[in-house]
Structure formats: structure tokens, C-alpha cells
Amino acid sequence: MIGTEFLDGQGLGNQLFCYVTARAIARERGCRFGTAGRETFANNIHSRRGMYFMDIDLGEEITKEEKSRMQRFDDDDTRLFIGTSRHDLTHGCYISGPKASIHEVPDNTLLYGNLQDESYFESCREELKDWLKVLPEYDSKEYTADDLCIVNMRGGEYTNEPALYLDRSYWLAAMREMRKHCPSMRFMVVTEDEEAAKKVLPELECHHFDMGRDYVTIKNARYLILSNSSFAVLPAMTSTELKFAIAPKYWARHNVSDGYWASEQNIYSFLHYLGRDGKLYTAEQCRQELAEYKQSSKLYAQRNRRPEGAALAVQNLRRRAGYGVFFAKKILRSLGRRTGLIRTRKAQG
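(A) Broad picture of the packing of aromatic side chains. All chains considered together, the criterion is met by 15 aromatic pairs. Taking 5.3 Å as the distance between ring centres and 75 degrees as the angle between the ring planes, the aromatic pair formed by tyrosine 52 and phenylalanine 53 counts as edge-to-face. According to the relative accessible area criterion, tyrosine 52 is buried, its value standing at 14%. Assessed through its relative accessible area of 0%, phenylalanine 53 is described here as buried. Relative to tyrosine 138, the ring of tyrosine 52 has its centre 5.4 Å away and its plane inclined at 75 degrees; by these criteria the two rings are edge-to-face.

Take a look at the structure:
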């Protein structure tokens, strides 16, 4: 048997990636498929209802006793220790690419880690639509239209992290790109954090329905602007409606990267990536740039090494400066809303 374990603290996006990767690898290897930790599946800080909107085949249930007898495969865990945030300096910024040996794991193995690279489940790409099929009573195309773009913004714990939380400038640039497809394009935010979203894009209609309806709205959108969150990737990837989707270049380090991806596993062939230069890049262009970066970057050469002494002091100064600029922008944006420089949806009437 090959499977995975759902863990406390995992978001739904990460759990679904673990599920599809483990099921795909089990199929590749000709092994039975199973899952452990089912009590935590789709139960997190955003919802405690479980996977109520899908009928997912989780394979055979792996008991604690069975789990104790299974081997463990851990996905790649390459990190950069850098002063872009407290997390990155303390724990390291996760920049891993695919780990090729996943395709050679033996029977009786549990898979752990990020498990989000599309090469892990490419052999079963078409089957994903059946594996992640929404129940008919929860499916909806209420927000499926040629002149409507769904903006999936991630808030929550992201909102106080300058390296992670996407600035208003990203969303406005992405909206400009979408208007090239339809000059009269409308935009609607779907998010788990309406309060935060309304501070960044107060001029847009904004909703948090529930986990299932948020997922379905993303899945059935024809145009998408994504955040750097795994929640929206699989519904977008399995969509039969999607025409064009934009995501942030460098993914979780769009704001600060000098060329590294956080992580490389989040380069997907169906997405277009928006850089801080305002240009769109294909996945192939991103992969080529990254390959060149790996060959020439002094920072990348220091991966998995913690800075010490003077180097650590410099990175701490960088971290403090980054947080200072980030919170200054928040204050300015708040003043902009209050003074009318940033128009709110209410003000627009």
C-alpha cells in the first residue's frame, strides 16, 4: 500500500495535494492506496464540517498500528535562511523542487511533505477531475461568465507577513491584464478573510460563502486571479470552464524574491505568472529563468545554511526594515480609504 497521512494544521489545499499525489503514485507503482488521519481531513481553522461537498474515495483506511509498520517518504525540504521575514530567518524559506525518487517508492510507504509538484500526479492528470468531483447538489455556475473574473485573495495569518501578503499593486496589475481579455471585465473577490480583503481592494464586491462554495466558485470561474495559496490551485486545474488564470511570480515570495521560487513546486503549466515588473510569464519561461538563477545566484548557493555573526546581523536589519515598510504601507492604505483616495465599493454606489 502507498498512501499519505492528513495532519493537524494542514490547510485543505495541502491535504488535497497530498491525496492526489499519493493516489497517483500508488497507481503508478501498482499498489493499493490508503490514507491515515482521516479525522483531520477538511477540518481546519476555516471549517469543521469535513469534506461535505465532495464524495472523495480516500482508499483504504490506515490504522495507527498499520502506520507504525510502514516506511516513510519525505518530500524535498530545501530552504533559504534569509531576512525577508521572521519565519525565513528562523525556519528558512521553503524553495524545494520535485524529488524524483518519489516515483520509485516501494510498497508499504506513506508520503509526507509538500507534495505539490505537478510532475507527481501528471500521469493521472485527467483522472483528477473525477477524484475531486464536487457533488451535484453543491456545484454551481452562478458566477461563471465571460465578463467576470474571480479574485481569490488569501488573508488570515498572511496579513502580517511582508514577504507573503500580496500588495494591492499585484492585484491592480493583474486586473489590468484581465481587462485585455475583456475591457468590461467585472471582478469579485472570494476569500476566507473578508475584513482583510476589503482593506486591500475596497472597491470590489467581496464574499466568503463557506469552504465548499468558495471552492466551487473558483472551480467554475472562466477568469481567475490567484493568490499564493494552494487552496485555489486544484479547483482551477480541474476546471472545465477556465480560460485564463494569473498567479504571482515566485509564488509565496512574490514580494521579495530576487529569482528563487517559494516554492519551485508551485510552477504549474496552466497558469500565467505576473512579475513585479508588471509582465506576464509562462510556466516554461519561469522554469527557464529559475534554472539560470540556480546556476548564477550566490544566495541560492547558500541554501540550507544558516547565517552567523555579521551575516546574521545584516539579515536581522533587513528583516526589521522589511516589516517597517510593510506596516507603513498599511497605514498609508488606511489613510487612502478614509480620505477617498482609494475608492470603496460603498462610495462607488
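Let's pick the thread back up.
(B) Main features of the nonpolar core. In terms of nonpolar packing, the biggest core is built from 105 residues, with Ile225 and Tyr273 touching the most fellow members. Sorting elements by how many residues they give to this core places helix α1 (residues 12–29) first, with 10 residues. One finds Met1, Ala36, Ile62 and Met70 within the second-largest nonpolar core, a separate group that totals 6 residues.

(C) Molecular detail of the pairing of strand β7 (residues 109–112). Here β7 shows two buried faces, one formed by Thr109 and Leu111 and the other by Leu110 and Tyr112. Pairing of strand β1 (residues 2–5) with β7, which is carried by 3 bridges, proceeds in the parallel orientation. For isoleucine 2, the partnering residue across the bridge sits in β7 and is threonine 109. Two strands pair when backbone bridges link them, and strand β4 (residues 71–74) and β7 are joined in this way by 4 bridges, in the parallel orientation. Paired with arginine 72 across the two strands is leucine 110, which belongs to β7.

(D) Main features of the sheet that holds strand β11 (residues 223–226). Ordered in space as β10-β9-β8-β11-β12-β13-β14, the 7 strands form an open sheet in which the pairing is mixed. Lying at the two open borders of the sheet, with one neighbouring strand each, are β10 (205–207) and β14 (280–282). With direction set aside, neighbouring strand axes in the sheet form an average angle of 25 degrees. As paired elements, strand β12 (residues 244–248) and strand β13 (residues 272–274) share 3 bridges and run parallel to each other. Bridging from a neighbouring strand, isoleucine 246 pairs with histidine 272 of β13. Relative to strand β9 (residues 186–191), helix α7 (residues 211–219) is tilted by about 145 degrees, and along the sheet it contacts β8 (148–153), β9 and β11. Each of β13 and β14 touches helix α9 (residues 283–296); the most contacted strand, β14, lies at about 85 degrees to it.

So, how was this worked out
- Residues numbered from 1 in each chain as written.
- Predicted model: local features only at pLDDT ≥ 70, side-chain atom pairs only at ≥ 80, totals over all residues.
- Heavy atoms only, no water.
- Phe/Tyr/Trp six-rings, centres within 6.5 Å; stacked < 30°, edge-to-face > 60°.
- Buried < 20%, exposed > 50% of the residue type's maximum accessible area, 1.4 Å probe, protein only.
- Core = buried A, V, L, I, M, F, W, Y, C linked by side-chain atoms within 4.5 Å.
- Helix = DSSP H or I, 4+ residues; strand = E, 2+ residues; numbered from the N terminus.
- Pairing = 2+ DSSP bridges.
- Axes fitted to C-alpha atoms, helices over the stretch in contact; angles between N-to-C directions.
- Contact = heavy atoms within 4.5 Å.

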